[in-house]
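# Coordinates in review
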Amino acid sequence: MLARLIRRRWPLPVLAVLVLAAIVGVAVVAGGDDGEQLVIYNGRSHYGDEQVFLDFEEETGIEVVLRGGTAPELYERLRREGEDTPADVLVTTDLANLWRAEEEGLLQPTTSSTLEANVPAELHDPDGYWWAVSTRLRVPVVSTERVEPGAVTSYEDLGDPRFAGRTCLRTSNSEYNQSLVADMIAKRGPDATEELLRSWMANDPEIVGSDGEMLAVMAAGDCDVGLSNHYYLARALEEDPDFPVAPAWPDQDGAGAHANVSGAGVVRWSDQSEAATRLIEYLTSPPAQELIVARGEFAANPEVPPAEQIRDWADVETDPIDVEAAGPLLADAVALMLEVGWR
Amino acid sequence: MALTRTAPEGGAAPDTAPDPGSGSGSRRRRRGPPGWALVGALVALVVVGPLLALPASFVGEGAAFDEIARTLLPDALRTSILLALGVGAGTLVVGGGLALLVSFWDFPGRKVLDWALILPMAMPGYVLAFVVLGQYGLASPLQSNLFGDGLRIPGVRSPVGAIAILVGVLYPYVYVLGRSAFLGQSRQSLEAARCLGRTYGQAVRQVALPLARPALAAGVALAVMEALADFGTVNLLGVQALTSAIYRVWYGAFDQAAALQLATVLVGLALTLVTIERLLRGRARYQQNLSRGDAVAPRRLHGWRAVLAAALPTALLLVVFVVPVVQLVAWSVETVAEGTVAPSLWRAARTTLLLGVATAAVAVVTATIVVYGQRSTPSRPGRVLARVATVGYSVPGTVVAVAVFVPLVWIDRRVVDLSASWLDRDIELLFTGTLLGLIVAYLVRFHALAYFSVESRMGRISPSLDDAARALGADRTRVLTEVHLPLLRTGIVTAALLVGVEVMKELPATALLRPLGGDTLAITVWEATKDSRLDTAALPALLIVGVSLVPVILLVRLMRSEGWTGAADRI
């Protein structure tokens, strides 16, 4: 059939144009009205959060299409696609990328009485560009076998010479580390932060790929002091109550532990802002928050208590990231981390 | 699995077959319309075009480079060069040594090892890396590892660790090419050396080894290119090579211009290595085409030597293939038993298969068009273009991804605008972040695999067949569809298979361009390992290894039926 077509002297370029036209045609037809369908660029897609979206679908009848990736990837994708993006809601694992998206004009403000009731004022943008879903503490963690309790009480201790060769860090590529450093620059100033990071590097930390891997490395005995998001440790402890790593809450007499925020915002070009708002309302409502909290994070909604295994951690003194101040410093943070040699 | 870069210059096809462009028939053919050549050239341009965007990154907003040159580049460049040197030396010693051992000495288990030593080719570096990491520092959820807490490998998260892992999966390139070169050597040259008073070992070292040098160099070059292109392994091990630096600049600092500049450096490094290898090899080509009876009869080893000769390769195979596969099976079984299989696994498997099949189909078509355009209307520019289009294969996937992204976004914008103004409809982006965009990237990278497979087959078809068909009144298109295509079947199947499998394990380009929500198996593995979810990563990793075994097994079968030289032509 194809051979016959070709033999009929249909020049190949014509065939190629026809094929391309067919593809465009399909895209035109398929790209039409989506109806009640929400496309979520979801940085939280990894293992466990899907259920929340399925529940939303069931409850509202609004179809949810999840498109997963890391938070920076999603932000970059959204930025590139601009007004052509299919996305309605951006969900990220950290505030940095939400802030970037707002700054770049990729989000639209939304608010509702439900949202205002679900999320305390300090956990959402004053204009409603983003809303927190959960908070996450980025804190020093120590081996319970090789570090005596109380030896680590601050972020500075990661640079203590007595831990030389005994620390481990995730790469400077991690958005959590970038947010932490940007927040430090905002609160301590660039010079103090550089000095702090240089002291961390002076201890020649082992650089690992993920927080989970860091905990595994610590449990295996290859590193004594690390820096991790608290819920990774919560999950490890849930699996194994004797897991030999403990949190070392920093600056409890001072500022407190750095708290980052995972949150969501409605994409500027979404023509479904009403449904999108409903989704964010749902994400911050108790049923969804309970599922999120079950995986060790702290709820954005103050009505939802921490999960059983980390209930003791609820009174930790926390220092929420100063978004408006830290956001503009993200680029500086990345540059500084490179400058001091943080791989 | 890759096509040997020796094919275009040293391989059988262009040199042994009469050039269809020369001889009596050529003048008549040349007078015809340049249709096919034009289409072929166009296709070649499409395949190689995006790469032209790379050097352009230094023009215009090139200011970024100063910053990179000061911070990221020195370390990344040093690491990449270190990886290249280490993997080069490692694969030469391991792959070359094993080829020597199996070719010239006989010991218990030799027959099995002869083919089994190729198997690690099916293991992507990132899979071996995560199994090693899993066995090394184990997260508590997984207590099923084979070693308990016993195995300690210090410094696995370092360039040295990355080199060790890459050597483990890349040495088969050197092994296969070396083995085929040794087998191609005649018994007489060894015997001549012995007559001159050399011991067997000396004769092997002083005669057989130098003769195999070009083949070993070609194998090492392949392994080094793969090492430079590696992304998953270095990322998992936290080693900052150029590939990971590119990803980091793009998605960490959101600086695509800087990513393109780093990519240009990486391509420069890769092309430099290819050139060096070409220069070193010069015109040398390994001898082959000896009748089988002439091959060297391996000498029997006895006592502890025999034990050692059998034990060392076996141990290697255990470490880099058998144990990891068993470990993957163990993790997978556990995952299935616990019912914690990633819910998106089957979707990912489907996407992967779709991408593999689609890209293979497209690549076979582009390759056939380019090859046939060259054959029906040979021209120097056409030939150069066809060769240049194969460059994509020596360009790492990370680089292809950044290079392809620029024109695709441009085209997408145009299409969307046109659709809005002409049809008054909003359409979704066609290429940016879609499977189509990925297929374009794969095509740029893997077109060469299909091209070499089809080209080598086409070279075996006598031009007199074309002449006969033309004399009977068939036009060029009919010659292609009715004469060539049936004869090209084996080449086309090989091409499709090579491309399909490469696509299915491809990680870096997929990671950068993946359609959101349409993850592949490789991405599933990568995402899960980044989060240290080894249990989640195991099953998709096992599927990837299983799929990759297909061409390796075909290679083994080929080597049994056609002898090693035939097999080596196909790598």
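Definitions and cut-offs
Residues numbered from 1 in each chain as written. Chains lettered and ligands numbered in written order. Predicted model: local features only at pLDDT ≥ 70, side-chain atom pairs only at ≥ 80, totals over all residues. Heavy atoms only, no water. Helix = DSSP H or I, 4+ residues; strand = E, 2+ residues; numbered from the N terminus. Buried < 20%, exposed > 50% of the residue type's maximum accessible area, 1.4 Å probe, protein only. Contact = heavy atoms within 4.5 Å. Areas by Shrake-Rupley, 256 points an atom, 1.4 Å probe, with all protein chains shown as cover. Buried area = accessible area lost by both parts, 1.4 Å probe. Salt bridge = Lys/Arg side-chain N within 4 Å of Asp/Glu carboxyl O. Polar contact = N/O pair within 3.5 Å; in protein donor to acceptor, adjacent residues only side chain to side chain. UniProt positions renumbered as here; feature names shortened; annotations may be inferred. Phe/Tyr/Trp six-rings, centres within 6.5 Å; stacked < 30°, edge-to-face > 60°. Lys NZ or Arg CZ within 6 Å of the ring centre and 35° of its normal.

## Things to note about the overall build of chain A
Across its full length, chain A carries 14 helices and twelve strands. For chain A, the proportion of its 343 residues judged to be buried stands at 59%. In chain A, the share of contacts with a sequence separation of at least 24, taken over all contacts with a separation of at least 6, comes to 77%. As displayed, chain A has an accessible area near 13,400 Å², and 50% of this comes from carbon and sulfur atoms.

## As for the interface of chain B and chain A
Contact with chain B, which involves 65 residues of that partner, is made by 60 residues of chain A. Contact between chain B and chain A buries roughly 5,100 Å² in total, counting both sides, with carbon and sulfur atoms accounting for 55%. Across the contact surface, chain B and chain A share three salt bridges. Glu 206 of chain A serves as the salt-bridge partner of Arg 157 of chain B, at 2.8 Å between the closest nitrogen and oxygen. At the junction of chain B and chain A, the tally comes to eight residue pairs in polar contact (both at pLDDT 80 or more).

## Concerning the UniProt feature "binding site: Fe cation" (unreviewed entry) in chain A
Within the UniProt annotation, "binding site: Fe cation" (unreviewed entry) is assigned to Tyr 231 and Tyr 232 of chain A. One can find Tyr 231 of chain A in helix H10 (residues 230–239). Overall, the relative accessible area of 2% leaves Tyr 231 of chain A in the buried class. Every residue in contact with Tyr 231 of chain A, bar those within four places of it in the chain, is listed here: Arg 136, Tyr 176, Arg 295, Gly 296 and Glu 297 of chain A. Relative to the assigned elements, Tyr 232 of chain A resides in helix H10. A residue is classified by how much of its surface remains accessible, and Tyr 232 of chain A, at 12% relative accessible area, is buried. If we skip the residues at most four places from it in the chain, Tyr 232 of chain A touches Arg 170, Asp 211, Gly 212 and Leu 215 of chain A together with Asp 531 of chain B.

## Regarding the side chain of Asp 94 of chain A
Residues and elements named next belong to chain A. Assignment of secondary structure puts Asp 94 in the loop between strand E3 (89–92) and helix H5 (95–103). Among the polar contacts listed, one links the side chain of Asp 94 to the side chain of Asn 97, at a separation of 3.0 Å. The residues contacting Asp 94, other than those within four sequence positions of it, are Ala 71, Glu 175, Tyr 176, Ser 179, Asn 260, Val 261 and Ser 262.

## Remarks on H10 of chain A
Most of H10 of chain A is tucked away: seven of the ten residues are buried. Buried within H10 of chain A we find His 230, Tyr 231, Tyr 232, Leu 233, Ala 234, Arg 235 and Ala 236 of chain A.

## Structural notes on the packing of aromatic side chains
Following the criterion strictly, the structure yields 17 aromatic pairs over all chains and no others. Put simply, the rings of Phe 231, Tyr 247, Trp 250, Tyr 251, Phe 405 and Trp 526 of chain B pair up and form one aromatic cluster. For the cation-ring pair, Arg 235 of chain A lies above Tyr 232 of chain A, with the distance from its terminal atom to the ring centre recorded as 5.6 Å.

## Points about the pattern of salt bridges
All told, the structure shown has 26 salt bridges over all chains when counted by the stated rule. Two residues, Arg 79 of chain A and Glu 76 of chain A, come together in a salt bridge whose shortest N-O distance is 3.0 Å. You can see Arg 79 of chain A and its partner Glu 76 of chain A sitting in helix H4 (residues 71–81), three residues apart, about one turn around the helix. For Arg 79 of chain A, a relative accessible area of 27% corresponds to the partly exposed category. Between Arg 413 of chain B and Asp 84 of chain A there is a salt bridge; the shortest N-O distance is 2.4 Å. Within this pair, whereas Arg 413 of chain B is found in helix H19 (residues 397–423), its partner Asp 84 of chain A is found in the loop between H4 and E3, the two belonging to separate chains. Assessed through its relative accessible area of 15%, Asp 84 of chain A is described here as buried.

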